[in-house]
Amino acid sequence: QVQLVESGGGLVQLGGSLTLSCAASGFTFSRYVVSWYRQAPGNERELVATIIGASGVTNYADSVKGRFIISRDDAKNTVYLQMNSLKPEDTAEYYCNAVGRGRDSGIDYWGKGTLVTVSS
């Protein structure tokens, strides 16, 4: 059974830190590009950060550059999002997304999300 399960969300104060985890099962995780998205109430879902397979190449939204770090451990089938210097505008539901490459091209998985709330 294919699953992406996010964890690590919660309530944190302005300037605090959280690390989110996205644990994958049921597919060959290393063949997938993994991204974190977020969606605040009333807003569209936006891309936060992406990490590409073995290369470890990463991309970030301008709004989180220098504060968030995405990383992956393919041996554990897990991607992390370390979030530092959190701001109230980072408050959102955070989702993990995996998009297949190569033989898995065209396959797209989503987790159910984990809520991050930053209080001022």
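Scroll up for the structure.
Residues numbered from 1 in each chain as written. Predicted model: local features only at pLDDT ≥ 70, side-chain atom pairs only at ≥ 80, totals over all residues. Heavy atoms only, no water.

1. Focus on the pairing of strand β3 (residues 18-25)
Right, on to step 1. Here five bridges tie strand β1 (residues 3-7) to β3, and the two strands are oriented antiparallel to one another. Residue pairing in the sheet places Leu 4 in a bridge with Ala 24 of β3.
Right, on to step 2. When β3 meets strand β8 (residues 78-83), the two strands line up antiparallel, connected through six bridges. Following the sheet pairing, Leu 18 is matched in β8 by Met 83. (Pairing = 2+ DSSP bridges. Helix = DSSP H or I, 4+ residues; strand = E, 2+ residues; numbered from the N terminus.)

2. Quick word on the state of the cysteines
Two cysteines form a disulfide when their sulfur atoms are joined by a covalent bond.
Right, on to step 1. The full count for this structure, using the stated rule, is one disulfide.
Right, on to step 2. Each disulfide pairs two cysteine sulfurs, and for Cys 22 the partner residue is Cys 96, the sulfurs being separated by 2.0 Å. Linking Cys 22 and Cys 96, the disulfide has an S-S dihedral of approximately -80° and is accordingly described as left-handed. Here Cys 96 lies in strand β9 (residues 92-100) and Cys 22 lies in strand β3, a separation of 74 residues in the sequence.
Right, on to step 3. Exposure remark for Cys 22: the relative accessible area of 0% places this residue in the buried category. (Disulfide = S-S within 2.5 Å. Buried < 20%, exposed > 50% of the residue type's maximum accessible area, 1.4 Å probe, protein only.)

3. Quick word on the sheet that holds strand β7 (residues 68-73)
Working definition: the strands of a sheet are paired by backbone hydrogen bonds and lie parallel or antiparallel to each other.
Right, on to step 1. Strand order across the open sheet formed by four strands is β1-β3-β8-β7, with antiparallel pairing between neighbours. The open sheet has two edge strands, β1 and β7, and neither has a second partner. Across the sheet, the mean angle separating the axes of adjacent strands is 15° when strand polarity is ignored. (Axes fitted to C-alpha atoms, helices over the stretch in contact; angles between N-to-C directions.)

4. Focus: the pattern of salt bridges
Right, on to step 1. In the structure shown here, the tally under the stated rule is six salt bridges.
Right, on to step 2. The closest approach of N and O atoms between Arg 38 and Asp 90, which form a salt bridge, is 2.9 Å. Residue Arg 38 is located in strand β4 (residues 32-39), and its partner Asp 90 is located in the loop between β8 and β9; the two are separated by 52 residues in the primary sequence.
Right, on to step 3. Of the charged contacts, one joins Arg 72 and Asp 74 as a salt bridge, the two residues approaching to 2.8 Å between their closest N and O atoms.
Right, on to step 4. Owing to a relative accessible area of 16%, Arg 72 belongs among the buried residues under this scheme.
Right, on to step 5. The partly exposed category is assigned to Asp 74, whose relative accessible area is 28%. (Salt bridge = Lys/Arg side-chain N within 4 Å of Asp/Glu carboxyl O.)

5. Considerations on the environment of Tyr 109
Right, on to step 1. Take Tyr 109: it is sitting in strand β10 (residues 108-110).
Right, on to step 2. Ignoring sequence-local partners within four residues, the contact set of Tyr 109 consists of Val 2, Leu 4, Phe 27, Tyr 32, Cys 96, Asn 97 and Ala 98. (Contact = heavy atoms within 4.5 Å.)

6. Some details on the nonpolar core
Right, on to step 1. Trp 36, Val 48, Phe 68, Val 79, Leu 81, Met 83 and Tyr 94 are the most contacted members of the largest nonpolar core, which has 29 residues in total.
Right, on to step 2. Broken down by secondary-structure element, the contributors of at least two residues to this core are β3, β4, β5 (46-52), β7, β8, β9 and β11 (114-119). (Core = buried A, V, L, I, M, F, W, Y, C linked by side-chain atoms within 4.5 Å.)

7. A look at the packing of aromatic side chains
Right, on to step 1. If you walk through the whole model with that rule in mind, you get five aromatic pairs.
Right, on to step 2. Measuring from centroid to centroid gives 4.7 Å for Phe 27 and Tyr 109, while their planes differ by 45°, and the two rings are tilted. Here Phe 27 is found in the loop between β3 and β4, whereas its partner Tyr 109 is found in strand β10, with 82 residues between them in sequence.
Right, on to step 3. Classification of Phe 27 by relative accessible area gives buried; the value is 12%.
Right, on to step 4. Through a chain of ring-to-ring contacts, the aromatic side chains of Phe 27, Phe 29, Tyr 32 and Tyr 109 assemble into a single cluster. (Phe/Tyr/Trp six-rings, centres within 6.5 Å; stacked < 30°, edge-to-face > 60°.)

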